[in-house]
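Descriptive analysis of the structure
Residues per chain, in single letters:
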Amino acid sequence: MKSRPILALIAVCAIAGCSHPSEAAEVNGQPIDIDTVGEVNDELRAAGLNVTPEATLGLLISARATAPVRTEIPVASDPKLISLAETQLGLADTDYSPATGKVVDFFAFIIASQNGIAMPDEVTEVSDAIKNADVDVNPRFGTWEGESGQLLPAQSDYLITPQASPLP
């Protein structure tokens, strides 16, 4: 019976908050598909970055959560910063997907914030957007920790941490 594994996958995603089993996450009501995570991960790895699908999903979540705020910050779309981000990510002179472009845009803002180009209140707005985002992650990828803006590794219920026996 092939339907049982499919039903189990649908149930796991429903519990996790995903509305469809092909979603890796949902950010403020907008889905990020597992295929998109794979595509962006492949492009970043082809550029020479040693990233995992989980790390890629974390970048996509942050990019999606901050996009509305970043579009209102002029420095975030500066062509020189975008070009620098492409170079640092190994994506200069390559054709990459629109989803990878969102990661590049987010990374350009990170460069601006780390180099004092972005104003402190702009950095705070972007940080707050990450902290306040409504994020549901497919448990296969882990859990979202909004306060830190990090995707925490998946924990398997069947793994038990051994406890030391008390000494007599």
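For the structure itself, consult the block above.
Let us look at the structure shown here. In this text, all values refer to a predicted model and were calculated from it rather than measured experimentally. (Residues numbered from 1 in each chain as written. Predicted model: local features only at pLDDT ≥ 70, side-chain atom pairs only at ≥ 80, totals over all residues. Heavy atoms only, no water.)

**Focus: the pattern of salt bridges**
- Enumeration over the complete set of coordinates arrives at one salt bridge.
- For Lys131, the salt bridge goes to Glu147, with nearest N and O atoms at 3.9 Å. Here Lys131, found in helix H6 (residues 120–132), pairs with Glu147, found in the loop between strand E4 (143–145) and strand E5 (150–152); they are 16 residues apart in sequence, far enough to count as distant.
- Given the relative accessible area of 58%, Glu147 is considered exposed. (Salt bridge = Lys/Arg side-chain N within 4 Å of Asp/Glu carboxyl O. Helix = DSSP H or I, 4+ residues; strand = E, 2+ residues; numbered from the N terminus. Buried < 20%, exposed > 50% of the residue type's maximum accessible area, 1.4 Å probe, protein only.)

**Details of helix H3 (residues 53–70)**
- The terminal C-alpha atoms of H3 lie 24 Å apart, and with 18 residues this matches the ideal 26 Å at 1.5 Å per residue to within 8%.
- The largest bend in H3 is about 30°, located at Arg64, with the proline Pro68 one to four residues further on.
- Within H3, burial applies to Thr56, Leu57, Gly58, Leu60, Ile61, Ser62, Ala63, Ala65, Thr66, Val69 and Arg70. (Expected span 1.5 Å × (residues − 1). Bend = angle between axes of the 7 residues up to and from the residue.)

**Quick notes on a negative patch on the surface**
- On the surface, a cluster of negative charge is contributed by Asp33, Asp35, Glu39 and Asp42.
- Here the negative patch takes three residues from helix H2 (residues 34–46), the largest share from any one element.
- When you line up the elements, Asp35 lands in helix H2.
- A relative accessible area of 66% means that Asp35 is categorised as exposed. (Patch = residues over 30% accessible without salt bridge, like charges linked within 9 Å, V, L, I, M, F, W, Y side chains within 5 Å. Areas by Shrake-Rupley, 256 points an atom, 1.4 Å probe, with all protein chains shown as cover. Lys, Arg positive; Asp, Glu negative; His and termini not counted. Charge placed at Lys NZ, Arg CZ, Asp CG, Glu CD.)

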